[in-house]
Every structure is written in structure tokens, then in C-alpha cells.
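# Coordinate analysis (summary)
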Amino acid sequence: MKHFSIARLYIYPVKGLKGIAVTSADAMSTGFSGDRQWMIVNQRGQFLTQREIPAMAGIHTSLNDKTLTLRRNSLSYQVDNMDKAGREMVVTVWEHKVIAVEPDPGASQWLSDMLGTHCHLISRFHKTKRIKTFGIPPGQTVLSFADGYPYSIMGTASLEKLNEHLDTPVSEDRFRANIIVNTTEPHCEDSWDQFTAGSALLKNIKACARCQVIAVDQQTGKKIKEPLDTLRQYRQRGHKVYFGTNAILSRTGTIKTGDPVELK
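This write-up is about the structure you can find in this document. (Residues numbered from 1 in each chain as written. Predicted model: local features only at pLDDT ≥ 70, side-chain atom pairs only at ≥ 80, totals over all residues. Heavy atoms only, no water.)

The subject of this paragraph is the packing of aromatic side chains. Applying the stated criterion across every chain yields a total of 7 aromatic pairs. Look at Phe32 and Tyr151: their rings are 5.2 Å apart centre to centre, the planes differ by 85°, and that puts the pair in the edge-to-face class. Here Phe32, found in strand 4 (residues 31-32), pairs with Tyr151, found in strand 14 (residues 151-155); they are 119 residues apart in sequence, far enough to count as distant. For the pair formed by Phe32 and Tyr151, the shared burial category is buried. Here Arg237 stacks its cationic end above the ring of Tyr242, 4.3 Å away from the centre of that ring. (Phe/Tyr/Trp six-rings, centres within 6.5 Å; stacked < 30°, edge-to-face > 60°. Helix = DSSP H or I, 4+ residues; strand = E, 2+ residues; numbered from the N terminus. Buried < 20%, exposed > 50% of the residue type's maximum accessible area, 1.4 Å probe, protein only. Lys NZ or Arg CZ within 6 Å of the ring centre and 35° of its normal.)

Here's what the structure looks like:
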């Protein structure tokens with residue numbers, strides 16, 4: 001039997017901004033606790049990501065029980081009492097429209113100044129649920145502000161193979177995965193069905209189709225051609241490029257770095 005283990009875990013408190021490496025995370029149906037519970041939207045309530053604004057890669061986040069901190073270089077902004085009431089907004093995340101809250105207009109102004117566009121920082125919706133449906137059992141899952149599924153999985157060997165093809169290696173932050181698994185065979189995660197990680201049970205739903213975000217250098221916030229051009233040579237099916245997988249939660253639990261990953 002092959003042995004796998006958790007290499008690294010990440011949460012992304014604000015969709016599109018820098019993530020945070022953590023050593024332990026509580027796995028819930030909507031994703032890791034604290035993951036993508038915040039989002040930036042434009043004046044029309046349409047979500048914004050590095051697809052539209054690559055400079056979002058330059059804004060760091062940190063999170064504790066009561067405070068979300070945003071930082072760009074030496075400038076920072078602290079959102080206290082994150083669950084306080086605020087102006088309600090109807091926001092759009094792909095095909096979903098949900099009610100969200102803007103708890104701190106000052107944070108919205110700070111981000112507008114940093115990104116050079118009028119935007120709003122909104123927090124998770126309380127009055128509406130976001131439901132993703134798909135064609136295999138169980139057929140649906142609840143979501144936070146993640147693109148399509150609560151969890152993104154990537155194997156270390158998959159990245160190692162990609163970097164063998166690149167003149168300049170890329171780091172794992174390009175792929176904004178939640179769970180990095182120590183693997184020895186490239187893309188073996190594609191074939192996984194259910195698997196345990198720590199005390200949680202997850203289920204792969206599909207390979208993860210990749211967009212222009214993986215071509216944004218997470219250190220400089222600049223768009224380049226790689227690794228998309230190289231991945232098209234060996235990971236393209238139809239008109240899409242696939243790398244890593246999308247997963248849902250089958251049983252809540254806690255996952256820690258070093259935990260074994262066991263296939264069911």
C-alpha cells in the first residue's frame with residue numbers, strides 16, 4: 001500500500017488575496033475554518049480575483065478569532081469584530097447570487113486605494129446559502145466564497161514533474177490549494193475517490209480546471225505565460241488545463257501537517 005501524508009495546509013481568508021500556511025485546520029462542509037469567508041466585489045457586487053486584478057497577490061492576510069488584518073508592504077488595515085452587522089449587499093460568485101455584509105467601509109476604502117479600483121470587502125452571507133451541484137453522489141455541497149468546491153488538493157510529485165519542464169520553477173502558491181499531500185507519483189491524486197486526512201474524510205469530485213490565476217507570480221503580482229503554456233503540452237483535455245483536484249467533505253475533523261492520508 002502506498003503511503004501519503006499531509007505536507008502543508010493553507011487557508012485563504014479573503015478570496016484572491018495571499019493565503020496563510022497553517023499547521024492545523026478544522027475541516028467543515030464549506031471548507032477549512034476561516035477559508036474564503038471574505039471576498040472583494042466591485043460596485044455591482046461582482047466578485048474580483050487575480051484574474052482581473054493581479055495586484056491582489058501582493059496583499060497579505062492574517063487572522064485570529066476577532067481580527068482580520070490586511071497588509072501591503074508597510075501599510076496595513078485591521079478589521080475588528082469581524083461578525084458585526086453592516087450594509088447588506090447582493091453579490092455574485094459565478095452563477096450564484098447571495099446576500100453578504102460589508103462590516104467595515106474603512107476596509108473597503110483601504111483596499112480601493114491599494115488596488116486602484118473602487119471595491120468593497122464583504123463577509124460571509126448569513127441569510128442565504130450557496131449550493132454547488134454536480135453529477136456524482138452526493139450531488140451537492142455547500143460553499144463559502146471558493147470558486148467551485150470547498151477543497152483544492154495537490155500532490156507534491158505533480159509540482160515536481162511540472163518544474164522539471166520549466167526553465168524557472170514555480171512554487172506551490174501559484175495553485176492556491178488548501179491541502180498539499182506528499183506523493184511520489186505525479187498526478188496520482190487524480191484517481192483518488194474518498195480519503196481520510198487526520199480525522200476528516202474527503203471525497204474527490206473532479207480534476208481541477210485551471211485559469212489565468214496560476215500565471216500570476218504570487219511574489220510580484222505580474223502575469224506571465226508560465227506555467228500555463230507548459231501545462232497545455234501535457235495536461236490539457238479539450239480546451240481546459242487540469243492540475244490538482246477538487247474535493248468535498250464527507251466527515252468533519254481536524255487535519256494537521258504530517259497526518260497520514262489513507263485512500264478508501
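When you line up the elements, His165 lands in helix 2 (residues 156-165). In the structure, His165 is positioned 66 residues away from Leu231 in sequence and 9.0 Å away in space, judged by C-alpha atoms. Setting aside chain neighbours within four positions, we find His165 in contact with Thr230 and Tyr234. (Contact = heavy atoms within 4.5 Å.)

This brings us to the pattern of salt bridges. The tally for this structure, following the rule as stated, stands at 8 salt bridges. Of the charged contacts in the structure, one is a salt bridge between Arg51 and Asp147, with a shortest N-O distance of 2.4 Å. One end of the pair, Arg51, is in the loop between strand 5 (38-41) and strand 6 (60-63); the other, Asp147, is in the loop between strand 13 (140-142) and strand 14, with 96 residues separating them in the sequence. Asp147 sits in the partly exposed class, given a relative accessible area of 30%. (Salt bridge = Lys/Arg side-chain N within 4 Å of Asp/Glu carboxyl O.)

Geometric descriptors of this kind do not, in isolation, establish any biological role.
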